[in-house]
Every structure is written in C-alpha cells, then in structure tokens.
Amino acid sequence: MKNIEIINFEIKGDSRGSLISIENLKNIPFDIKRIYYIFNTLDDVIRGKHAHKKLEQVLICLSGSCYIDLDTGIEKTSFLLDSPQKGLYIKDMVWREMRNFSSNTVLLVLASDFYNENDYIRNYESFILETNKLNGKNS
Ligand code: TYD
C-alpha cells in the first residue's frame, strides 16, 4: 500500500538468545534523527489519531503487542505488531491510530526528523481534504 511497508529484521540468534541490530540507512531506509517509545498505555486507550505531512517512521513493538490502524485517505489497513522482528515503515500522509496495547507493550518509534508539532495533522477532516488535494480530487 502507498507509503506503508513491513520490514523484517534479521535476528542474530544463537544459543544465548536473540539480537537485532538497527543501522541508519541500512535496515532502516532513512537517517534516524529521533527515537521515542510508548509504554504503560492502557488497553482501552487509542493513541495517535494523526498524520504527518513529511515524516518517515518505523514502529517496532519490542515487547507485548498492539494494533496499528492506517488510512491513506484512499485505503485503510490494520497491522498487529506482536514481534520485535517486525517493523512497520510509514511515510508521509498516513493517518494512524494505535490501539489494544497489551499490558507489557513497549512500542519503539524511529523517526526521520525531530519533533515538530507543525508537521502534524490532528484533524481527520483536514487530513481527508489534504489527501483529496494530493490525489486530484475536488471534495
Ligand atoms: P502524542 O502525539 O499525543 O502521542 P501519540 O501519537 O502516541 O498519541 O504525544 C504526546 C505528547 O508528547 C505531546 O504533548 C507531544 C509530546 N511529544 C514530544 O514532545 N516529542 C515527541 O517526539 C513526541 C512523539 C511527542
């Protein structure tokens, strides 16, 4: 789907356990400028509810699980993030909502730029207007 991909990280495993290494512009397709993580989220909470005008992110559920609902303005899809081996790569202009956090969930987010509130679209109707413009629709 446009602006959404799954990245499968290679596990450097041996008899002691597992290790995944993350490297700028190698297994992450952009230069990482910011890292944040979401934890202690209650299972009835919905986070996100925004899109970014120009930002690339990779979401990795290091522990526990959560669902990520994505909407490009044209198509909608959902992903269950339940493995530290799976990265959800999201580019510009994708509305995202995160829900059903299990009690031990730690959601790691790698981002291509610093935090900038001006890059957020936090109103769904504004998001649809913007995506319609980008897709050459009038309404
Ligand atoms: P918010 O965007 O509401 O989080 P989510 O997308 O998970 O629902 O962010 C929560 C607060 O943290 C808000 O006040 C903005 C702030 N924040 C930062 O200061 N830096 C960051 O990198 C992020 C992602 C959020």
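This text follows the structure it describes.
What this report covers is the structure whose coordinates are included nearby. Source: prediction; values computed, not measured.

Our focus in this paragraph is the sheet that holds strand β2 (residues 34–39). What links the strands of a sheet is backbone hydrogen bonding, and the strands pair in either a parallel or an antiparallel sense. Spatial strand order, β1-β7-β4-β9-β2: five strands in an open sheet with antiparallel pairing. Every other strand in the sheet has two partners, leaving β1 (4–8) and β2 as the edge strands with one partner each. Across the sheet, the axes of successive neighbouring strands diverge by a mean angle of 25°, strand direction being ignored. Across six bridges, strand β4 (residues 57–63) lies against strand β9 (residues 106–111) in antiparallel orientation. Within β9, the position partnered with Gln57 by the bridge is Ala111.

To continue, consider the sheet that holds strand β3 (residues 47–52). Read from one edge to the other, the open sheet built from five strands follows the order β6-β5-β8-β3-β10, with strand pairing classed as antiparallel. Here the strands that pair on one side only, and so sit at the sheet edges, are β6 (76–81) and β10 (120–121). Two strands pair when backbone bridges link them, and β3 and β10 are joined in this way by two bridges, in the antiparallel orientation. What sits directly across from His52, in β10, is Tyr120.

With that settled, the discussion passes to the side chain of Thr72. Relative to the elements of secondary structure, Thr72 occurs in the loop between β5 (66–71) and β6. From its side chain, Thr72 meets the backbone nitrogen of Ile74 in a polar contact 3.2 Å long. Once you skip the residues sitting within four places of it in the chain, Thr72 turns out to touch Met1, Lys2, Ile4, Met93, Val94, Phe127 and Thr131.

On to the pairing of β5. In this structure, β5 lies alongside β6, joined through six bridges in antiparallel fashion. Bridged to Asp69 within β6 is Ser78. In textbook terms, the turn of a hairpin is the stretch between consecutive antiparallel strands, and for β5 and β6 this stretch comprises four residues, one of which, Gly73, has a positive phi near 95°. Where β5 and strand β8 (residues 95–99) come together, five bridges link them in antiparallel fashion. Bridging across to β8, Asp69 finds its partner in Glu97.

The environment of the ligand is formed by Arg34, Tyr36, Ile38, Arg47, Gly48, His50, Tyr115, Tyr120 and Arg122. One of the side-chain nitrogen or oxygen atoms of Arg47 is found 2.8 Å away from an oxygen atom of the ligand. Between an oxygen atom of the ligand and a main-chain N or O atom of Gly48, the distance comes to 2.8 Å. In the complex, the protein chains occlude 61% of the 530 Å² of accessible area that the ligand would expose alone. Secondary structure elements with two or more residues in the shell around the ligand: β2 and β3. Tallied by class, residues from the shell around the ligand come to four nonpolar, two polar and three charged.

Rules used in this analysis
- Residues numbered from 1 in each chain as written.
- Predicted model: local features only at pLDDT ≥ 70, side-chain atom pairs only at ≥ 80, totals over all residues.
- Heavy atoms only, no water.
- Pairing = 2+ DSSP bridges.
- Helix = DSSP H or I, 4+ residues; strand = E, 2+ residues; numbered from the N terminus.
- Axes fitted to C-alpha atoms, helices over the stretch in contact; angles between N-to-C directions.
- Polar contact = N/O pair within 3.5 Å; in protein donor to acceptor, adjacent residues only side chain to side chain.
- Contact = heavy atoms within 4.5 Å.
- Near = heavy atom within 4 Å.
- Areas by Shrake-Rupley, 256 points an atom, 1.4 Å probe, with all protein chains shown as cover.
- Nonpolar A, V, L, I, M, F, W, Y, C, P; charged D, E, K, R; others polar.

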